[in-house]
Amino acid sequence: MPPAYGEIERVLRWARRREARILLLAASALGLAVALLVALAGAWALARGVGHAGAVRQVTLSLAAFCMVGAATWAALSLLRRASSPEATARSVGRGAPELRSDLVSAVELSRDYGGLAAQGYSLPLVDAHVERAAARVSGLDLGLAIPATPARRAGLALGAAAALCLVALAVGGKTLGRGFARLAGLGPPAPVAAPDPITGDVELTFLYPAHTGRPPRTVSGTGGEVAAPRGTEVRLSTRADRPVEAADIVIQGAGVPSVRPSTPGPAGPAERVYSLEVKDSRQLSGRFLVDEPGSYRFRFRRGSKVVAEGPPIAISVEPDAFPEVRITAPAQEVEVDASARVRVDWSASDDYGLKDLSLVVKPPAGPEERRPLRTFESTRRESGSFDLDLAAWKASEGERLLYWVEVLDNDDVSGPKRGASATQVVRIYSEAEHRRRMLERAQALWEQLVRLLGDRLELPEAAPRPGPERMARAQALDGRARELHENLRDAAAAMRKERAAPRAVIDALRNVSSGIRAAEQPLSAARTTALRLAGTLPATEGLWRRISDLDASMDRELEKDALYLEQLLDKERAQDLVRLAKDLQSRRRDLASLLEKYRKAPSEEARRQLVAEISRMKARMQDMLRRMAELAKGISDEHMNAEALAEMARQKDALGGLDKVEELLSKGDVEGAMKELDALGSRMQEMLSRLERTAGEPDEKTRELVKEMRAFRDQIARVEKDQEKLAGETEKVRQEYRKKLEEQLRRMSAQAGRLEKLAHESREELERAKDGLSPRAEEDFGKSREALQDLEKSLQARDFDAALESVRKALPSMQRLGLGLEDDAQLAERFPQPLGQKGPLELREAGRHAQRAMSPARKVRDELERLFPDPRSVLSQRDQQKLDAYSQRQRELERQAGGLRQKLQELSEKAPVFPPQSQAMLGEAQGHMGRAAGELGQRNPQRGHGQQREALDALGRFRKGLEEMAKNARGGSGQGFPFPFAMGGEEGREGDDGDLSHERVEIPGAEAYKVPEEFRRDILEAMKQGAPEPYKPELQRYYEELVK
Amino acid sequence: MRRLLALALALLPLARAGADEPEPTRRALEALADEDLATARAVIEPLLAEHPEDRGAEVLGGMLRFHEQRYAEAVELLEKAGAGRAGGIDYLALARAARDVTRDHQHAESEHFRVSYPPGKEEVLVPYLLDALEAQRQALQDDLGYAPEGKVTVEILRDVRELARLSTLTEDEIRTSGTIALCKFDKLMITSPKALVRGYDWLDTAAHEYTHFVVTQRTRNNTPIWLHEGIAKYSETRWRGAGGQSLSPWAAALLQDAVKKDKLVTFAQMHPSMAKLPSQEAASLAFAEVMVAVEYLQKKGGRALLSRILDHVAGGMPAERAVAQALGVSFDSFLADWKRYMAARPLPAGGDTELRRLRFQDDPRQGHGAHAEWAEIPDERARGFARLGEIMRERGRWAAARIEYGKAMRRVGPRYPVLTSKFALAAMNSGHDAEAEAALAEAARTHPHYAALHVNMGRLRLKRQDWKGARDAFLLANRVDPFDPEIHAGLALAAEGTGDAEAASRERRFAQILSGRPAGHEPAGRKE
């Protein structure tokens, strides 16, 4: 190969590629152009229906394909000729560049034979030189000129022209040509469809609807004949033919048969129904048909049997008859009720034409569905109503579920009635055991939370001598958890209170525990927060650390006590649940025995089946109950559930075995044997029940001791209350004496009340003037003074001289402090420069003067009122005074006893959280009133002394009632003597108890029995301060006066 | 004696010789009643050979076979004779029961003992039992100057029901008195420790019963019950050391209280059997009384005095006279001295609080629950803390449990082994080994029969590779609760540690038998 031939070879390669490209493009474009023209011609023919559509389509498609293949063949042949070899390519290039042709072709040929040239006598150097020259010339060749693209361009133009022609034809030929193309492409019918022309005029239609629709006949004129009616409607039609006819029909086609047919009339298909029409005057046509299914009909004219014309199909549509609908609007989808309840069910039903029958369907827990007719309707489309679902009829047991729904039929007597059904509803039989179980689970979860908290607290590292920051942070987090626990316990108690089955003792216990934890947590959190704030500066010996340590210990004690008590209480409740479950089981056995007895008396296959079904149901129930009993027993510590009872639990499995035996005997037809087995089962169950009851009722030593102490405590409270009652009664006699002597003075004072009011008002006005010059330190005294003077005014308005005297006595010391304080501040302000914004000495002194001046009218009021209430010593006889002295001493003794009771209460509280923290306050309140009563009596004041005594009695009475409630709860359970928790009334309220009617005797207090409590009196005075609209003022005044009397 | 006479009278009509030759029958019956098997055999075997069809000979033969523990033959003979009841004892029923109970028993023997035990877990008792009994035999030979020839049969019974079937005691009597083993019909019968919630001191008990066997033989069954039980009780610890170590602190306290209140169980009330006493407390008191009586005799005259008394008794002298004669004072004086001795005897540590009531696993009157044991703690607050500890322990909160148990311990001290054991476990699991060890050591001193204390101690010692100490602790536990696989796993580890491969292998196998699993190398984590 000559060395320069490479360049020639490269140029030839490029030339060959270009040649191929041009040829292929030219052939494709040309072939496509011709094919388009052929397709256009074919589509036109198909659109116009020229020739046989199939043949036209075949020919067209074949021609188009031939054109494409022809073009491809041409391209292939040309390529073979022009570029199949280097020589052919060289010649092709030479045709475009004749000056090179000879050199190029010869260079290629010489290079091809290069190996043999020497043998043939050629000079290879000359050959090389020739090739090199040819290569040099070829390298400068412009292939664009040598191999022009003209054929491709021309073919492209031809393709464009053909495409343009097609577009123009489509624009002109419109949808028709488009359909032609579609048919050519195999879409749509192979031939153009010619809709037959109508052969009748307007059609008059009369619809005679089926009776169940309740619709009157209807006639419509001037229609195209389209029919839309319910199934079963009779359609009468009349029209006029467009030509004289001999005979005419209407041909009805169902929807399954093509509604559009070629115009050529043909014989009726198998799905067609033909109705003859009556022909009058050769052109007037009338007839009728029944609407049965959707489809179409067309008119057909006949001469004899020969069809002479057939009109286009006219649509028949069947108006759908909707399914009836029924809904249960009440109660909710799932309700929980008692087994004997009657559930009111509201329903509403509707249908487009009419309702017929309404039924209730119930699917009981065992056995097949039961259907009960509820209503039959007469031509009504919409109806609603209600019925009572009497659950007693199904004898469902606690926790079982009944499914029910309502079904309705419509009145369609053409196609047959259609059925509609409501959604399935559920009635769950209320199960107290289930509710209790859930509540106990919740309480148990809280107990676990409490135990976790206690565990985490105990595992906190020792704090000595001073806790590090990490421990402080952990301790704070635990305080947060204690708060959270308190809230959870409180919320759980509140939620349980709304539950009917809620174990009262658990609720009260949770509340008490919640309060106890709160009481321990609050001071601890506060102290810890303070310590954390001062941590950097507090020495290790600081008392605050000791206090925190004490509070921590106190919190641990609280949690320990709570954990133990709650555990016992929950165990107790579970044990009682076991007893309940066992009783239920026993009752079921009795029911079964009674069924068996019935069967024995009147045996039948049906009764036997019922019996077997009942046994199977009872077995399922027993299994469930045994499972739950096992669950319950699992968590019971044997302080309440001893081994005897646990062994009993195991023996109960025999009960289930006994039932198997009953079933087996029954299946063998041995009724007597089955009854004996059932009796034996009953004995075993009774024995088991007795043992469980005994076990559940046995308190442990600790609780027995605690209960004993609590009983003694309750008796002591009752004794103190009784003594207090007696003492109050005796004081009351002296008080009556005193009041009798005061009556005249009170009357006289009422006349002077206006003047006192004025003085009080004057005093307050003067005090108000001091307001602008107050120093920050004086604000508190000012507030107190103003409040007391306001009380004074209101009390005087209400003619409550007693309260008025108290108010003014309270006002005067703070007024005096105010005056003196302001004077001091003024002097200080004179001597030392005041910071910006502080009052100056002049302002302060002025304010002080106003405060001093306000005292004078207030003092006058006090003096007047004191004169009104003379010292009882000056009014009462010597004997009465001596009595009061003695009463005072007795009262002191009672106060001391109340103190002892508080101490005892504290001791009991430390043993178990049966008392909420408020109980201490309650007893403290009683003790406080007793102390004050003793003081007042010592001062010979029977009025106030008696008031305090009544308040003490009130507090004691409330406390005693709580104790009685505890005792009642303890008796209420099957067990005796478990220390049930003390339920506090008061601020947390008993929101869930609205429905509970107390059957306790209610003491109706006498008119003079109570002195209005101080707090109440204050509230009323506060309310009076709020003011009232003018027209209501006199009424309001009267109301308040009555209240505070 | 009266019983023996009744038995003879009952059998007389059955004897071939009848009134003509009553002597062999009488002698045979007397020998059987005295548990003198050799004499009985010498009389009955020829009778049986000469008159195999005689009903009387068959009855005597049946009784002999029963005493020889050849139960199937005994049943055959007694059934053939058509009667098995003699002297108030239904031998046929006893033989049948013994045959049935021991039908599948396995056997193991040592030089002087033959143990018959039910297949399965009881196998772990055998080597310890044989060793202890051989040691006891040697000790008694030293003390009483006598040891029976031949092999003594020891039957291990599964529970108290089997014990009742094989003895003349009812199940109620057994439960009431806390009887767990008997020496009767020329054999020892021992209830498996498996039958009791916490096991019992079964090796001491076996030694106790064997002492009865020896005393019976030594005195031809003439020893009254008080002396019999006194010697047995005193000597039951001889196999492992000195005698008189078995008086529990509680029993000692019970005794002292009874002396003060003059409410001792009289020797007469102890007759015919301690098992017939009305309660476990009465039985414990009676045992304490007689043990201290023998202790007193030992103190007065040592082994020689006791041997002299037994010689007199064997010679037919009433025990009261024998005691008086040996002491050289009147029996009343002896009684008065003995009472004074009891009153002055110092109480062992913890004697005022110990209360160990035996609990049978299948007794419905006994608590089974995990917390019934807390009821033994009288201090209410301590009980509460203990329960809190338990609550924490159940939740794996060992550190918190330790604190709560600790609070309970601070209130009641180490008096309640159950509490101490739990406290120690919690302390060990929360990394306070030293605290645990101190508490365990203190409690184990006063409650040597509380296995869990020793097990926990064993764990601690294993942990610090004190192999010998661990072995001692586990062996102490094994004396009470041999069915705890951890004890044997611990012993295996300890033996490995001391290089005793044979013992290690055996204990590993025992642990495997008991747990059904291969013995692990980590004994901790057992049930508590």
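What you see is a predicted model; the values in this text were computed from it and never measured.

Tallying secondary structure elements over chain B gives 23 helices and 7 strands in all. For chain B, buried positions account for 59% of its 528 residues.

A count of helices and strands for chain A gives 25 helices and 17 strands. For chain A, the proportion of its 1045 residues judged to be buried stands at 46%. Taking contacts inside chain A between residues at least 6 apart in sequence as the whole, the part at least 24 apart equals 76%. Accessible area of chain A: about 52,300 Å², with a carbon and sulfur share of 52%.

Attention now moves to helix α16 (residues 380-394) of chain B. Residues and elements named next belong to chain B. When the terminal C-alpha atoms of α16 are compared, their 21 Å separation across 15 residues agrees well with the 21 Å that a helix rising 1.5 Å per residue should span. All of the buried residues along α16 are Ala382, Arg383, Gly384, Phe385, Ala386, Arg387, Leu388, Gly389, Glu390, Ile391, Met392 and Arg393. Of the residues that open α16, the one with a side-chain oxygen 3.1 Å from the backbone nitrogen of arginine 381 is aspartate 379.

All names here are of chain A. Across the interface, helix α3 (residues 86-96) lies against helix α4 (residues 98-112) with an axial gap of 7 Å and an inter-helix angle of 170°. In terms of orientation, α3 and α4 fall into the roughly antiparallel class. Each of Pro86, Glu87, Ala90, Arg91, Val93, Gly94, Arg95 and Gly96 in α3 lies in contact with α4, whose residues at this interface are Pro98, Arg101, Leu104, Val105, Val108, Glu109 and Arg112. The class makeup of the residues in the contact of α3 with α4 is 7 nonpolar, 2 polar and 6 charged.

What follows is about the nonpolar core. One finds Leu510, Phe713 and Leu865 of chain A to be the most contacted residues of the largest nonpolar core, which totals 143 residues. When residues in this core are grouped by element, the largest group, 15 residues, is from helix α16 (residues 701-769) of chain A. Of all hydrophobic cores here, the second largest spans 93 residues; its members include Leu140, Tyr210, Ala251 and Leu310 of chain B.

Here the focus is the sheet that holds strand β7 (residues 187-191) of chain B. Residues and elements named next belong to chain B. Spatially, the 5 strands line up as an open sheet ordered β3-β4-β5-β7-β6, and their pairing is mixed. Single-partner strands in this sheet number two, and they are β3 (106-109) and β6 (181-184). In this sheet, neighbouring strand axes are inclined to one another by 20° on average, regardless of whether the strands run parallel or antiparallel. Of the pairings in the sheet, the one linking strand β5 (residues 152-157) to β7 comprises 5 bridges and is parallel in character. Paired with threonine 153 across the bridge in β7 is lysine 187.

Residue and element names in this part refer to chain B. Inspection of the entire model under this criterion finds 21 aromatic pairs over all chains. Look at phenylalanine 267 and tryptophan 338: their rings are 5.2 Å apart centre to centre, the planes differ by 40°, and that puts the pair in the tilted class. Within this pair, whereas phenylalanine 267 is found in the loop between α12 (249-261) and α13 (280-314), its partner tryptophan 338 is found in helix α15 (residues 331-344), the two being separated by 71 residues in sequence. For phenylalanine 267, a relative accessible area of 14% corresponds to the buried category. Judged by its relative accessible area of 3%, tryptophan 338 falls in the buried class.

This part takes up a nonpolar patch on the surface. All names here are of chain A. A contiguous nonpolar patch, built from Leu32, Met68 and Val69 and spanning about 240 Å² of accessible area, is present on the exposed surface. With respect to the helices, strands and loops of the structure, leucine 32 is situated in helix α1 (residues 5-48). Note on leucine 32: relative accessible area 40%, which makes it partly exposed.

Another point: the environment of lysine 280 of chain A. Within the element layout of this structure, lysine 280 of chain A appears in strand β6 (residues 272-280). The spatial distance from the C-alpha of lysine 280 of chain A to the C-alpha of arginine 240 of chain A is 9.4 Å, given a sequence separation of 40 residues.

On to a positive patch on the surface. The grouping of Arg13, Arg16, Arg17 and Arg21 of chain A at the surface amounts to a positive patch. Looking at where arginine 17 of chain A falls in the secondary structure, it is placed in helix α1.

Bringing the environment of alanine 553 of chain A into the picture now. By the element assignment, alanine 553 of chain A lies in helix α12 (residues 543-601). Expressed as a C-alpha distance, the spacing of alanine 553 of chain A and alanine 520 of chain A, which sit 33 residues apart in the sequence, is 9.7 Å.

Okay, the pattern of salt bridges next. Tallied over the full model, the rule gives 121 salt bridges over all chains. The partner of aspartate 508 of chain A in a salt bridge is arginine 497 of chain A, and the shortest N-O contact between them spans 3.5 Å. With aspartate 508 of chain A in helix α11 (residues 504-533) and arginine 497 of chain A in helix α10 (residues 469-497), the pair connects residues that are 11 residues apart, well separated along the chain. The closest approach of N and O atoms between lysine 468 of chain B and aspartate 472 of chain B, which form a salt bridge, is 3.4 Å. One end of the pair, lysine 468 of chain B, and the other, aspartate 472 of chain B, are both in helix α21 (residues 467-478), 4 residues apart, so they sit about a helical turn from each other. Overall, aspartate 472 of chain B belongs to the partly exposed group, its relative accessible area being 29%. A cluster of three or more residues bridged by salt bridges with shared partners is formed by Arg41, Glu45, Arg65, Glu68, Arg70 and Glu73 of chain B.

So, about the confidence of the model for chain A. Residues and elements named next belong to chain A. Confidence in the prediction of chain A, expressed as mean pLDDT, is 81, and 84% of residues score 70 or more. pLDDT under 50 marks residues 638-646. Its contacts with residues more than four places away, or in other chains, come to 32 contacts. Confidence drops under a pLDDT of 50 for residues 985-1011, and excluding neighbours within four residues, the segment shows 30 contacts in the predicted structure.

Residue and element names in this part refer to chain A. Running from N to C, helix α2 (residues 53-83) and α3 cross one another at 90°; their axes reach a closest spacing of 6 Å. As the angle between them shows, α2 and α3 are arranged roughly perpendicular. Listed contacts from α3 to Arg81, Arg82 and Ala83 of α2 are Ala88, Thr89, Ser92 and Arg95. Class assignment for the residues of the contact of α2 with α3 results in 2 nonpolar, 2 polar and 3 charged.

Residues in a regular strand project their side chains so that they alternate between the two faces of the sheet. Residues and elements named next belong to chain B. Where burial is concerned, the two faces of β6 agree: the one with Ala181 and Cys183 and the one with Leu182 and Lys184 are both buried. Note that β6 and β7 share 4 bridges and pair antiparallel. Within β7, the position partnered with leucine 182 by the bridge is methionine 189.

A cis amide bond links alanine 330 of chain A with the next residue in sequence, proline 331 of chain A, at an omega value of 0°. You can see proline 331 of chain A is positioned in the loop between β11 (325-330) and β12 (334-337). Positive phi outside glycine occurs at arginine 220 of chain B, with the angle close to 55°. The topology assignment puts arginine 220 of chain B in the loop between α10 (202-218) and α11 (225-235). Residue classification places arginine 220 of chain B among the partly exposed residues on the basis of a relative accessible area of 42%.

Attention now moves to helix α5 (residues 71-81) of chain B. Of the positions making up α5 of chain B, those classed as buried are Tyr71, Ala74, Val75, Leu77, Leu78 and Ala81 of chain B. Of the residues one or two after α5 of chain B, glycine 82 of chain B is the one with positive phi, at around 75°.

The next point concerns the environment of alanine 829 of chain A. Structurally, alanine 829 of chain A can be placed in helix α18 (residues 801-831). As a C-alpha pair, alanine 829 of chain A and leucine 842 of chain A span 13 residues in sequence and 8.9 Å in three-dimensional space.

All names here are of chain B. Looking at chain B as a whole, its pLDDT mean stands at 84, while 86% of the residues score no less than 70. For residues 353-371, every residue scores under 50 in pLDDT, and the model assigns this stretch 55 contacts once sequence neighbours within four places are set aside. The low-confidence segment residues 519-528 (pLDDT under 50) makes 24 contacts with residues lying over four places distant or belonging to another chain. For this predicted complex, the interface confidence score (ipTM) comes to 0.71, while the overall pTM stands at 0.60.

Parameters and conventions
- Residues numbered from 1 in each chain as written.
- Chains lettered and ligands numbered in written order.
- Predicted model: local features only at pLDDT ≥ 70, side-chain atom pairs only at ≥ 80, totals over all residues.
- Heavy atoms only, no water.
- Helix = DSSP H or I, 4+ residues; strand = E, 2+ residues; numbered from the N terminus.
- Buried < 20%, exposed > 50% of the residue type's maximum accessible area, 1.4 Å probe, protein only.
- Contact = heavy atoms within 4.5 Å.
- Areas by Shrake-Rupley, 256 points an atom, 1.4 Å probe, with all protein chains shown as cover.
- Expected span 1.5 Å × (residues − 1).
- Polar contact = N/O pair within 3.5 Å; in protein donor to acceptor, adjacent residues only side chain to side chain.
- Axes fitted to C-alpha atoms, helices over the stretch in contact; angles between N-to-C directions.
- Parallel < 35°, antiparallel > 145°, perpendicular 65-115°, else oblique.
- Nonpolar A, V, L, I, M, F, W, Y, C, P; charged D, E, K, R; others polar.
- Core = buried A, V, L, I, M, F, W, Y, C linked by side-chain atoms within 4.5 Å.
- Pairing = 2+ DSSP bridges.
- Phe/Tyr/Trp six-rings, centres within 6.5 Å; stacked < 30°, edge-to-face > 60°.
- Patch = residues over 30% accessible without salt bridge, like charges linked within 9 Å, V, L, I, M, F, W, Y side chains within 5 Å.
- Salt bridge = Lys/Arg side-chain N within 4 Å of Asp/Glu carboxyl O.
- Lys, Arg positive; Asp, Glu negative; His and termini not counted.
- Charge placed at Lys NZ, Arg CZ, Asp CG, Glu CD.
- pLDDT = per-residue confidence, 0-100.

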